[in-house]
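Chains, contacts and geometry: an overview
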There are 2 protein chains.
Amino acid sequence: MNHWHLAKGYRYAGIVSGLRSEPNRRDLAVIASETPAIAVGTFTQNRICAAPVQVSRSRVPRPDACAIVICSGNANAATGEQGLKDARRMTDLTAEQLGCSPEQVLVASTGVIGRPLPMPILETGIPKAVAALKPGAEALSDAAHAVLTTDTRIKVATRDCGTFTVTGFAKGAAMIGPNLATMLGFVMTDATLPPPLLKAFLKDACDVSFNCVSVEGHTSTNDTVFLLANGANGRGMLAGDDAHNYFAAVRDVCADLAREIASDAEGAKHLVTLHVEGARTFEDARKMAKAIAESPLVKTAIYGADPNWGRVVSAAGYAGVPFDESHVSLTMGDMKLYDHGRPLPFDAIAASAYLKTNRDVTFTLSFDPAGPGKCTFYTCDLTPEYIALNADYTT
Amino acid sequence: MNHWHLAKGYRYAGIVSGLRSEPNRRDLAVIASETPAIAVGTFTQNRICAAPVQVSRSRVPRPDACAIVICSGNANAATGEQGLKDARRMTDLTAEQLGCSPEQVLVASTGVIGRPLPMPILETGIPKAVAALKPGAEALSDAAHAVLTTDTRIKVATRDCGTFTVTGFAKGAAMIGPNLATMLGFVMTDATLPPPLLKAFLKDACDVSFNCVSVEGHTSTNDTVFLLANGANGRGMLAGDDAHNYFAAVRDVCADLAREIASDAEGAKHLVTLHVEGARTFEDARKMAKAIAESPLVKTAIYGADPNWGRVVSAAGYAGVPFDESHVSLTMGDMKLYDHGRPLPFDAIAASAYLKTNRDVTFTLSFDPAGPGKCTFYTCDLTPEYIALNADYTT
């Protein structure tokens, strides 16, 4: 962890505030930029939209963000007017301690829907969190821990690109269904770029990462991804090749975090990578991958190491994308199972062994004649542990 | 069973042909009309479309159908050209025995995808099934048993409307996601109506029944609903009030069968009825109900008797239907949990007890101001038994 090269000019904190019932569980995080940062964000498309999403959405893009405050254990969603007041109060408390205006603070929450935030805990917790802010990998790790819910491990990715660095962390676990993937993501960078370009970069990076991961397809009320750019690299406005490299690094960091989310999804025993190739468009490829990724029949078959490939092709078939069955082929790992609409004889024992012995498995659905559309999508299997975790989440 | 009033002029058979590995498991059914019947059908919208669907779709509507032949255990889907030959051969064999042309025979299959039909079994089985055809409830029960896969019981519904009778049976269990619900349905009537009207009636009846049920949202390759009208009631063409009553009876029979499918879904411990009221249109109401019904988070919470109602409203929120959160209310049973966008205090123990003690549970999502759109939708919970059943279906 100490070898991580991190984006410059950020401080992090993740503390135990008492929001969660588990003892010593970190549950409150703050990210602060040492100098005002350009901030852009993308948010859930759910119509039931959490209070922190409503507050943050009204504040980005902006050129002068100072901090993000995040709590876990309570989503502050479906909480009406009181929820909005509470989300704003979280930013007030953070701003007071940092000496900035509340509008310069962004906010995110994750946890149970429909319960008022326990504000007395946050009234004392937020000043403590701000006081705990520190640069470096250990503080980042604390913050990354504090945003988790049922995740079993932190998700952090970083890219040192010489003249600048891109560092991200995220939480996932469940209620993960594009658009966005139901998750929180924070990408800190020490470069400077024009806000419209940053916004476009973030949207594109999310499209091929967080919008290409699904655990069960339930789009959350709280999805949020922030990208900060504070210019602490001291190089001024990035342009040309540097801007291109920056874009690639943001994409890579987001893709790493998205893959981690699928891999550490609730109860997951397999990370499933779906490649769709030769579709007409990226969007068509993504739709088919999403239908496969969200089919409980596909997911249970993978859990059971049952090479029931008919479920995979039939899920692509109801994605709403027109195609001719005779153009479709399917490969699992390196075993071709279905070729231009015809089932191939295959070794069922070897196919089952592939699913049984590998934690990371791959399916490739391809079309011939081939179009330019392709997509890589991440998901996981559906296991009894997922049910156990979700059958008594609130009670 | 013997008190069933059945549509006149139909004979049924359901035999043990040997298609399935379980001993004495009925797996081959024939429905025959004593006189040629008007036949209409609705079929899966999956692009991977089973061979029997392709064959049957090309043969309806028609005025002179004689029989339907159905096998279970093998879907004859994703089987290429050979699959089409085999499906046609099933109708040839049936027609030979009945003395009609193959085009007068319709065909349906359900079971594993991607395996060739074992035709030698059907070559001997179909003549046996036709020889076993009989009128009456016992023969209907045999046929209803022969189309089941992982269903635990037959699904039969009948309405005696005085001047005519509507009798239906269906199979469900899993791979159930509109459009259609992934299922086979057979509706036999002894009236006569113009084919275009019959087709419109069947489409409308499916919209509010089989298209309002979902187990896990995986639209099958084999969905088929047939409606037969053989005029055996001897009343000539139905019109006016009779046609209206006929329409209502077809709707009721389809709704009964749809409810039965959700109730007997794989591993289901709860039948969940979702009412959406006050939406702009039926289609909007159905979309929101479908999103709720297919959310694994909603389904696992119901399984665990966890009154985590935020999952229900948040699922409605990502259905792609625009609405304002402050217009939404949610009731579970008779407990109001969410009122115009505000969470209400509620007795969590009583709410959990409602889910724990009732097999049939109801949620009502309503909008105020209210539009005219409403929908009743059936689904079930997601249980460890569903996973166990599907983790090793083929191996």
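One can find the structure itself at the top, above this paragraph.
Parameters and conventions
Residues numbered from 1 in each chain as written. Chains lettered and ligands numbered in written order. Predicted model: local features only at pLDDT ≥ 70, side-chain atom pairs only at ≥ 80, totals over all residues. Heavy atoms only, no water. Phe/Tyr/Trp six-rings, centres within 6.5 Å; stacked < 30°, edge-to-face > 60°. Helix = DSSP H or I, 4+ residues; strand = E, 2+ residues; numbered from the N terminus. Buried < 20%, exposed > 50% of the residue type's maximum accessible area, 1.4 Å probe, protein only. Contact = heavy atoms within 4.5 Å. Buried area = accessible area lost by both parts, 1.4 Å probe. Polar contact = N/O pair within 3.5 Å; in protein donor to acceptor, adjacent residues only side chain to side chain. Nonpolar A, V, L, I, M, F, W, Y, C, P; charged D, E, K, R; others polar. Pairing = 2+ DSSP bridges. Least-squares fit on C-alpha atoms with pLDDT ≥ 70 in both.

This part covers the packing of aromatic side chains. All names here are of chain A. With the rule as written, the count across this model stands at 18 aromatic pairs over all chains. Note on phenylalanine 201 and tyrosine 246: the rings are 6.3 Å apart at their centroids and 35° apart in plane angle, and the pair reads as tilted. Here the residue phenylalanine 201 occupies a position in helix 5 (residues 195–207), and tyrosine 246 occupies one in helix 6 (residues 240–263), the gap between them amounting to 45 residues. Since its relative accessible area comes to 0%, tyrosine 246 is described here as buried. Seen from their ring centres, tryptophan 309 and tyrosine 338 are 4.9 Å apart, and the 35° between their planes marks the pair as tilted. Of the two residues, tryptophan 309 sits in the loop between helix 8 (296–303) and helix 9 (310–317) while tyrosine 338 sits in strand 11 (residues 335–339), which places them 29 residues apart along the sequence.

Next up on the list: the interface of chain B and chain A. Contact with chain B, which involves 55 residues of that partner, is made by 55 residues of chain A. Overall, the association of chain B and chain A removes approximately 4400 Å² of surface from exposure, summing both partners, and the carbon and sulfur fraction of that is 63%. Where chain B touches chain A, the interface holds 0 residue pairs in polar contact (both at pLDDT 80 or more). If you list the elements that add at least two residues to the side of chain B that touches chain A, you get helix 8 (296–303), helix 9 (310–317) and helix 11 (384–391) of chain B. Per-class residue counts for the side of chain B that touches chain A are 27 nonpolar, 22 polar and 6 charged.

Residue and element names in this part refer to chain B. Within strand 7 (residues 184–189), 6 of the 6 residues are buried, leaving the element largely enclosed by the surrounding structure. Summarising the sheet, strand 6 (residues 165–171) and strand 7 pair through 6 bridges and their orientation is antiparallel. The residue of strand 7 that forms the bridge with valine 166 is threonine 189. With 6 bridges connecting them, strand 7 and strand 8 (residues 224–229) associate as parallel partners. Across the sheet, residue phenylalanine 186 finds its bridge partner in strand 8, namely phenylalanine 226.

A few words now on the relation of the copies chain B and chain A. Each copy superposes on the other: chain B lies on chain A with an RMSD of 0.0 Å after a rotation of 180° and an axial shift of 0.0 Å. Between the two chains, the operation in question is that of a two-fold axis. It is proline 384 of chain B whose C-alpha, among those of chain B, lies nearest the rotation axis, at 2.7 Å. An overlap of 100% is found between the interface residues of chain B and their copies at the interface of chain A, pointing to a shared contact surface.

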